[in-house]
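Here is what each chain is made of, one letter per residue.
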Amino acid sequence: MSKVWVVVRREFMERVRSKWFIVSTVLGPVLMVAFIAVPIIMASRGTGERTVAVLDASSGGFGERLTEQLDQAPLLRASRVPVPVGRLEEAADSLAELVGFRALHGFVIVTDAAVEDGKLEYRGSNVTSIADMSLLRGLLEDAVFAERLSRAGVDPSVVRRARIPLEFTTLKITGARTTRASGAGSFMLAYVIWFLLYMGILLYGANVMGAVVDEKTSRIVELLVSSLRPFELLAGKILGVGSVGLLQFGIWVGFAMLALEQRDMIARLLGQPGLGAAGSFPEVPLSTAVVFLVYFLLGYFLYAAMFAAVGAMTGSEAEARQAANAVVMVLVLPSLLMIGILNDPAGSLAVALSLIPFTSPIATPVRWAAGEVPPDELVASLVLLLLGLWGVIWVAGRIYRIGILAYGKRPGIRELVRWVTAG
Amino acid sequence: MREAHAVILRDVTKRYSGHTAVAGLSLSIPRGSLYGLLGPNGAGKTTTIRMVLNILLPDEGTIEVLGRPAWDRTLASRIGYLPEERGLYRKMKVLDLLVFLAETRGVGRKEARGKAGEWLERLGLSEWSGRKVEQLSKGMQQKVQFISTVLHDPELLILDEPFAGLDPVNSQVLKDTVVELARGGTTVLFSTHIMEHAEKLCDSVCIIARGRKVVDGPLSEVKRAHGGKHVVLALEEWRDGLIDEALQDRSLVTRVDRYGQYAELELADGAAPQEVLERVLRAGAKVTRFEVSEPSLHKIFIDKVGEVAQ
């Protein structure tokens, strides 16, 4: 055991003292701050005002009212260009020229068909902007809706009141208890948990692989296995890199909490008081944190062992990266099915993924955060994961033991089976 | 109680898929000896060494090291190992690396630090102890590697092709240190395929070829047993054909091995060295060295391994 400790300490100290660790530890929070700050800055600067024209060939004053409503919307300037129906295309061509000269972002073509059949057309240079188009679409929808009602003889004040938007609140029910967590908040938490698990396992797992390949290519491994059992070396490496991961996560989480707590101040510093509250983050219940930590560690052990085996059976960093794709693919699987899990956290897909040892490290905590994992399912998931972990470490340990001293051609499947089954 | 032998192999066999690397090998390495494991490339030297170190397990046979079975976990702290394929953690600082390697062999941190300092000083690397390994020259890295094998005062030192890739200065440093350790009672097992090194260093040898033992024992006995009279002959100038007549007389000389400036002659049964000298002089050659000797290890090696090859 003490020799494992010697290896753990070396892995930990060498990594923590390295430039890589310092840079990535600092870079993480910088990205986090950027996450919070960039939307605020973007909101303050805006993407600039949009100038649009209303090419009006409609009758009954709809064009005027529409133009007025568009012009009142924030960040939008609208002006009306009346045109007889017969010369519509001609007028559109000359407006298109203005768009070409960047005097105009675009124009809406309004005819009587707009109110009757709901047919409207926008031509412009900013049609690929999802934000611009959804804003415009919303405004146009509102205007057409109001016009139809008033043409049907509804009192304009009734129309105004009918247009008051909804305020839709969602709250998560855990067990039979209504929590304070909002639906969007739970979704966001599940999403963050997925991201941290996926990135963490991939990052540190691949790190273990790199360390194994490095020892093999530098040939120091021959010296190491003359004084350490291969398993001691493997265990020390995985635990050492894992504790670096925990430290780094700890620093990041601490920093993130600080940044969220101080987001008002950050917003003020950026000259946008009030906007800080926009990015609210749900509180993380202790149980979720525990589930996250347990699955992160077990998942990391599982994948780190697989990555180590891959590193041991290949002869170079490049070769290992290529061979590691198979492992990464298994890891990516629950990520590809993330939306499925979030849409129906109690559905059969989510349950299956949280029972399979290779997917449960990511699927179970995500389910836990998004909805509810019944205790028996959680126990079953943990037992299966531990069994899977034991099996994977057994196989990986055997591949590692032989692989680290084997040079030359990468072993085929049959050769690998022989490594695993050999006494 | 100290056993008479540091390492004992009994009928050890190791097979890899397809071929047998070591076949029924038995040998005993006396305590305190400088033991050479000799053989051509691919003879099974490294496999044998790896089995002694318990890096590989033999398929058959038993190995005893320092009075314990080879798999005994306490042995790691009593053995020093310099692998043929050398490597260090390139990004680690020299002193940290040495302390780490000593710790894996059971030396306490503090003690390891002190000893590493002493050795670095002894081999002239003190000022480099805080540098990263990759900043050192190749020769310095070789010294660091060597320090790591002796840092924990091993009773048994195993050196696999220790002179491969060493410059003459480091070769000398290594040789001196090894001899000094052996004088202090350390048993040294080293493998090589360069016979000149073995000739100078070993007191006992074992020659293996194709995984089998060809001959073993104390160097003097091996030479005596090889038999035959040998003469080392050096001329001021080897001119073509000058002494061919003498050397080609099979009743006089049965075999000639030319080594650049000199030749080793194996005399026929009953031939007198004196007669050889006379014939050479009569041919008009200027002799600068004429020495009746035991066969060189090189010659024994070529003869014995050649027999196996045929």
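Residues numbered from 1 in each chain as written. Chains lettered and ligands numbered in written order. Predicted model: local features only at pLDDT ≥ 70, side-chain atom pairs only at ≥ 80, totals over all residues. Heavy atoms only, no water.

**Side note on the overall build of chain B**
The cut-off we apply is this: Counting from the N terminus, the helices are the DSSP runs of H or I reaching at least four residues and the strands are the DSSP runs of E reaching at least two. We call a residue buried when its accessible area falls under 20% of the maximum for its residue type, exposed when it is over 50%, and partly exposed in between, using a 1.4 Å probe and counting protein chains only. The criterion used for residue contact is that any of the two residues' heavy atoms lie within 4.5 Å. Charge convention: Lys and Arg are scored as positive, Asp and Glu as negative, and His as well as the terminal groups of each chain are ignored. For this purpose, a charge sits on NZ of Lys, CZ of Arg, CG of Asp or CD of Glu.
In terms of regular secondary structure, chain B is built from 10 helices and 14 strands. In terms of overall dimensions, chain B has C-alpha extents of about 70 × 45 × 40 Å along its principal axes. Looking at the 310 residues of chain B, the share that counts as buried comes to 51%. Summarising the internal contacts of chain B: among those between residues at least 6 apart in sequence, 69% fall at separations of at least 24. If the 43 positive side-chain charges of chain B are averaged to one point and the 43 negative ones to another, these points end up 6 Å apart.

**Some remarks on the domain arrangement of chain A**
Accessible area lost on assembly of the parts is the figure often given for the size of an interface. Applicable threshold: Note that the domain bounds were set by an automatic or database domain assignment.
What the domain assignment lists for chain A is domain 1 (2–41 + 181–421) and domain 2 (48–162). Here domain 1 of chain A and domain 2 of chain A have C-alpha centroids that lie 51 Å from each other.

**Here we look at empty space enclosed by the protein**
Rules: In the cavity and pocket records, a cavity denotes points on a 1 Å grid over the protein atoms alone where a 1.4 Å probe fits but cannot get out, a pocket denotes an open set with protein on both sides within 12 Å along at least 5 of 7 lines, and lining residues are residues with an atom within 4 Å of a point. Grid points are joined across faces, edges and corners, and a volume is the space filled by probe spheres set on the points. Side-chain classes are defined by residue name, with Ala, Val, Leu, Ile, Met, Phe, Trp, Tyr, Cys and Pro counting as nonpolar, Asp, Glu, Lys and Arg as charged, and the others, Gly among them, as polar.
Using the criterion set out here, one finds 2 cavities of 30 Å³ or more in the structure. The volume enclosed by the largest cavity comes to roughly 90 Å³. Surrounding the largest cavity, Leu82, Arg86, Gln142, Lys143, Phe146, Pro162, Leu166, Asn170, Val173 and Leu174 of chain B form its lining. When contributions to the lining of the largest cavity are tallied by element, the ones reaching two or more residues are helix H4 (138–150) and helix H5 (168–183) of chain B. Counted by class, the lining of the largest cavity contains 6 nonpolar, 2 polar and 2 charged residues. In this model, the second largest cavity occupies a volume close to 50 Å³. What lines the second largest cavity is simply Leu223, Leu224 and Ser227 of chain A together with Tyr81, Leu101, Thr104, Arg105, Ser148 and Thr149 of chain B. Elements with a contribution of two residues or more to the lining of the second largest cavity: helix H9 (220–224) of chain A together with helix H2 (94–104) and H4 of chain B. Class assignment for the residues of the lining of the second largest cavity results in 4 nonpolar, 4 polar and 1 charged.

**Considering the confidence of the model for chain B**
Quick note on the threshold: Confidence scores labelled pLDDT are given residue by residue by the predictor and lie between 0 and 100.
Across chain B, the average pLDDT comes to 87, with 98% of residues at or above 70. Within chain B, helix H8 (residues 244–247) of chain B has the poorest average pLDDT of any element, 76, and H2 of chain B the best, 94.

**Observations regarding the sheet that holds strand E9 (residues 204–209) of chain B**
Residue and element names in this part refer to chain B. Selection rule: Should DSSP find at least two bridges between two strands, the strands are regarded as paired. Every axis in this analysis is a line fitted to C-alpha atoms, fitted for helices over the stretch in contact. Angles between the N-to-C directions lie between 0 and 180 degrees.
With respect to topology, 6 strands assemble into an open sheet ordered E6-E7-E8-E3-E9-E10, the strand pairing being mixed. The open sheet has two edge strands with one neighbour each: strand E6 (79–82) and strand E10 (212–218). Sheet twist, expressed as the average angle between the axes of neighbouring strands with direction ignored, equals 15°. Across 5 bridges, the pairing between strand E7 (residues 156–160) and strand E8 (residues 187–192) is parallel. Within E8, the position partnered with isoleucine 158 by the bridge is leucine 189.

**Comments concerning the interface of chain B and chain A**
For the record, the criterion: Throughout, the accessible surface (probe 1.4 Å) given up by two parts as they are put together, summed over both, is called the buried area. Note on definitions: salt bridges are taken to be side-chain nitrogens of Lys or Arg within 4 Å of carboxyl oxygens of Asp or Glu. Polar contact is defined as a pair of N or O atoms within 3.5 Å, subject to the rule that within protein one atom must be able to donate a hydrogen and the other to accept it, and that residues adjacent in sequence are counted only when both atoms are side-chain atoms.
Listed by partner, the interface residues are 25 residues for chain B and 23 residues for chain A. Around 2,300 Å² of area is buried between chain B and chain A when both sides are counted, 55% of it from carbon and sulfur atoms. Residues arginine 9 of chain A and glutamate 103 of chain B are paired through a salt bridge, measuring 2.3 Å at the closest nitrogen-oxygen approach. Our enumeration of links across chain B and chain A arrives at 8 residue pairs in polar contact (both at pLDDT 80 or more). Only H2 and H4 of chain B provide two or more residues apiece to the side of chain B that touches chain A.

**Here's the deal with helix H4 (residues 88–100) of chain A**
All names here are of chain A. Applicable threshold: For a helix, the expected span equals 1.5 Å multiplied by the number of residues minus one. An arc is given here, and it is the one of the directions from the helix axis to the C-beta atoms.
For H4, spanning 13 residues, the distance from its first C-alpha to its last is 18 Å, which sits close to the expected 18 Å at 1.5 Å a residue. When we look at burial in H4, the residues that qualify are Leu88, Ala91, Ala92, Leu95 and Val99. Along the axis of H4, the buried positions cluster into a sector of 100°, meaning they face one direction only. Facing away from the buried surface of H4 by more than 90 degrees, the exposed residues are Glu90, Glu97 and Gly100. Those residues of H4 hidden inside the fold are in contact with strand E1 (50–56), strand E2 (76–82), strand E3 (106–110) and strand E4 (121–124). Looking one or two residues beyond H4, the residue adopting positive phi is arginine 102, at roughly 65°.

**Some words on the side chain of aspartate 72 of chain B**
With respect to the helices and strands, the residue aspartate 72 of chain B is situated in the loop between strand E5 (68–69) and E6. In this structure the side chain of aspartate 72 of chain B is engaged in a polar contact, spanning 2.6 Å, whose partner is the side chain of threonine 74 of chain B.

**A short note on unusual backbone geometry**
Residue and element names in this part refer to chain B. In this structure, aspartate 11 takes a positive phi of about 50° despite not being glycine. Summarising the element assignment, aspartate 11 is placed in strand E1 (residues 5–16). Despite not being glycine, aspartate 153 shows a phi value in the positive range, around 50°. With respect to the secondary-structure elements, aspartate 153 resides in the loop between H4 and E7.

**With respect to the pattern of salt bridges**
Residue and element names in this part refer to chain A. Enumeration over the complete set of coordinates arrives at 46 salt bridges over all chains. With a shortest N-O distance of 3.4 Å, glutamate 141 and arginine 137 are connected by a salt bridge. Of this pair, glutamate 141 and arginine 137 are both found in helix H6 (residues 130–151), 4 residues apart, which corresponds to roughly one turn of the helix.

**With respect to the sheet that holds E5 of chain B**
Across a sheet, strands are paired by hydrogen bonds formed along the backbone, either parallel or antiparallel in direction. Residues and elements named next belong to chain B. Judged by pairing direction, the sheet is antiparallel, and its 4 strands sit side by side in the order E2-E1-E4-E5 without closing on themselves. Pairing within the sheet leaves two strands with one partner each, and these edge strands are strand E2 (19–30) and E5. Together, E1, E2 and strand E4 (60–65) form the strand contacts of helix H1 (residues 45–52), whose direction differs from that of E1 by roughly 120°.

**Observations concerning the state of the cysteines**
Residues and elements named next belong to chain B. Here is the rule we go by: Pairs of cysteine sulfur atoms within 2.5 Å are identified as disulfides in what follows.
For the structure shown, the criterion picks out 0 disulfides over all chains. No disulfide involves cysteine 202; its sulfur sits 11 Å from the nearest other cysteine sulfur, which is in cysteine 206. According to the relative accessible area criterion, cysteine 206 is buried, its value standing at 0%.

**Overview of the packing of aromatic side chains**
Residue and element names in this part refer to chain A. Quick note on the threshold: Stacked, tilted and edge-to-face are the three classes applied to pairs of Phe, Tyr and Trp rings, where Trp contributes its six-membered ring and a pair requires centres within 6.5 Å; stacked means planes under 30 degrees apart, edge-to-face means over 60, and tilted covers the rest.
As enumerated under the stated definition, the model contains 12 aromatic pairs over all chains in all. For the pair phenylalanine 249 and tryptophan 252, a centre-to-centre distance of 6.1 Å together with 40° between the ring planes defines the contact as tilted. Of this pair, phenylalanine 249 and tryptophan 252 both sit in helix H10 (residues 230–261), 3 residues apart, roughly one helical turn. Across the pair, exposure class does not vary: phenylalanine 249 and tryptophan 252 are buried alike.

**Digging into the domain arrangement of chain B**
Parsing chain B into structural domains produces domain 1 (5–218) and domain 2 (228–293). A straight line from the C-alpha centre of domain 1 of chain B to that of domain 2 of chain B covers 40 Å.

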